[in-house]
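# A closer look at the structure
Next come the chains, spelled out residue by residue.
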Amino acid sequence: MADTADRSIQSGDGIRTFPFPVELSVGGVGMQVGPMGTGRTWHADAPLERVHRIDFHVVLLFGEGPVRHMVDFTEYEAAAGDLLWIRPGQVHRFSRTSEYRGTVLTMQPGFLPRATVEATGLYRYDLPPLLRPDAAQLAGLRDSLGQLRREYEDTDTLPLSLHTAVLQHSLTAFLLRLAHLAASSAESVRQPSDSTFTLFRQAVEKDFATNHSVSAYADALGYSRRTLVRAVRAATGDTPKAFIGKRVVLEAKRLLAHTDLPIGRVGAAVGFPDAANFSKFFHQHTDLTPAAFRAELR
């Protein structure tokens, strides 16, 4: 498993990020689906009860409950029939005391085409991780996930290229149901109307640590500032500046809460080489200094 090396940001003292375990996937495709249970891990050195990130999607459909699971500072309690959707980069932790039973789906970014990614809201970080379907929704999700699992485990009927294509279509069917549930569960049902917001979100996710400029993102994406403002507001209700700021603050909170990095290094990691400027920015967004925020959680 040499290709699953630790990718923490500061030589092991940041939050560890674990990649999709391709070598554990049937046929080496970019997804896995199977039963939850004890002993599951992303990596031999990854105790799941410790705070960590993953660079892939995880959907947990619980067969029993209650199960407690932390995702980005919120402790969620899931019951039988609930789903938990953890997206790439989110900081999370499995419970030491809960028993995880049900079905788990993992999928690698890039396994699905862009149009499907947009249609299924794979990167709608504004939507809640915990989903509670009604009886009819749950039946549809279980049937769809069951079909996906059967296709995943059937490696003999089709050649690999067709097997992968069938998996992509089956996965899309399940994710469309899941995305509808997630959107209807949110307080806001705003939906991105085109790819402008998707491209902006991807650019921010990639560059927020070094680029906080709305104009720079607009120029890089080939949009006018006005077009970008309209697209981001339609998708999130926020301005692009506020969207970038929230992403920077979230990352700063993660590092303050879950690492022992000095505050100055946390600031540098999110694009503030000057510690005083970072403290001012953080206080403007949270009404707390970085030191006070860290102290509250320890």
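For the structure, see preceding data.
My aim in this report is to walk through the structure given alongside it, one point at a time. Starting from 1, residues in each chain are numbered consecutively following that chain's sequence as written. With pLDDT at 70 or above as the cut-off, local features in this predicted model cover only qualifying residues; side-chain atom pairs require 80 or more to be listed or tallied, and sums for whole chains, interfaces and linings still use all residues. Where side-chain values are given, they derive from all heavy atoms of the structure, hydrogens and water being excluded.

### Focus: the sheet that holds strand S2 (residues 31-35)
In plain terms, the rule: Strands pair, by our definition, only if DSSP identifies at least two bridges between them. A run of H or I in DSSP counts as a helix once it spans at least four residues, and a run of E counts as a strand once it spans at least two, with each numbered from the N terminus. Contact criterion: two residues are considered in contact whenever any of their non-hydrogen atoms come within 4.5 Å of each other. An axis is simply a line fitted to the C-alpha atoms; with a helix, the fit covers only the stretch in contact. Between two such axes, the angle follows the N-to-C directions and lies from 0 to 180 degrees.
Read from one edge to the other, the open sheet built from 5 strands follows the order S2-S9-S4-S7-S10, with strand pairing classed as antiparallel. The open sheet has two free edges, formed respectively by S2 and strand S10 (130-131), since each of these has just one partner strand. Looking at chain direction, strand S4 (residues 57-62) and strand S9 (residues 102-107) are connected through 6 bridges and run antiparallel. By the bridge assignment for S9, Val59 is matched with Leu105. Its contacts with the sheet put helix H3 (residues 160-185) on S2, S4, strand S7 (83-86), S9 and S10, and the angle it makes with S7 is roughly 105°.

### As for unusual backbone geometry
Basically, it comes down to this: Burial classes follow relative accessibility: with a 1.4 Å probe on protein chains only, a residue under 20% of its type's maximum area counts as buried, one over 50% as exposed, and anything between as partly exposed.
Geometrically, the link from Gly65 to Pro66 is a cis peptide bond, its omega value of 0° lying close to zero. Turning to its location among the elements, Pro66 is positioned in the loop between S4 and strand S5 (67-71). Its identity as a non-glycine residue notwithstanding, Asp287 has a phi of 65°, on the positive side. Considering the arrangement of structural elements, one finds Asp287 in the loop between helix H9 (275-286) and helix H10 (290-296). The exposed category is assigned to Asp287, whose relative accessible area is 63%.

### Overview of the environment of Pro109
Its location among the elements puts Pro109 in the loop between S9 and helix H1 (114-120). The class of Pro109 is partly exposed, set by a relative accessible area of 33%. Distance from Pro109 to Asp55, taken between C-alpha atoms, is 7.8 Å for residues 54 residues apart in sequence. Not counting residues up to four positions away in its chain, the partners in contact with Pro109 are Asp55, Phe56, Pro88 and Tyr123.

### Side note on the sheet that holds S5
Paired through their backbone hydrogen bonds, the strands of a sheet run either parallel or antiparallel. As summarised here, the arrangement of the 3 strands in space is S6-S5-S8, forming an open sheet in which the pairing is antiparallel. Strand pairing shows two members of the sheet lacking a second neighbour, strand S6 (74-78) and strand S8 (92-94), which therefore form its edges. Pairwise comparison of adjacent strand axes, ignoring direction, gives a mean angle of 25° for this sheet.

### Points about the pairing of S6
Examined bridge by bridge, S5 and S6 share 5 bridges and lie antiparallel to one another. Bridged to Arg68 within S6 is Glu77. What sits between S5 and S6 in their antiparallel hairpin is a turn of 2 residues, with Asp72 showing a positive phi close to 45°.

### As for the side chain of Thr120
Selection criterion: Polar contact is the term for a pair of N or O atoms within 3.5 Å; when the atoms are in protein, one must be able to donate a hydrogen and the other to accept it, and sequence-neighboring residues count only if both atoms are side-chain atoms.
Of note, Thr120 is situated in helix H1. Given the relative accessible area of 1%, Thr120 is considered buried. Within the structure, the side chain of Thr120 is placed 2.6 Å from the backbone oxygen of Thr116, a separation counted as a polar contact. From its side chain, Thr120 meets the backbone oxygen of Val117 in a polar contact 3.5 Å long.

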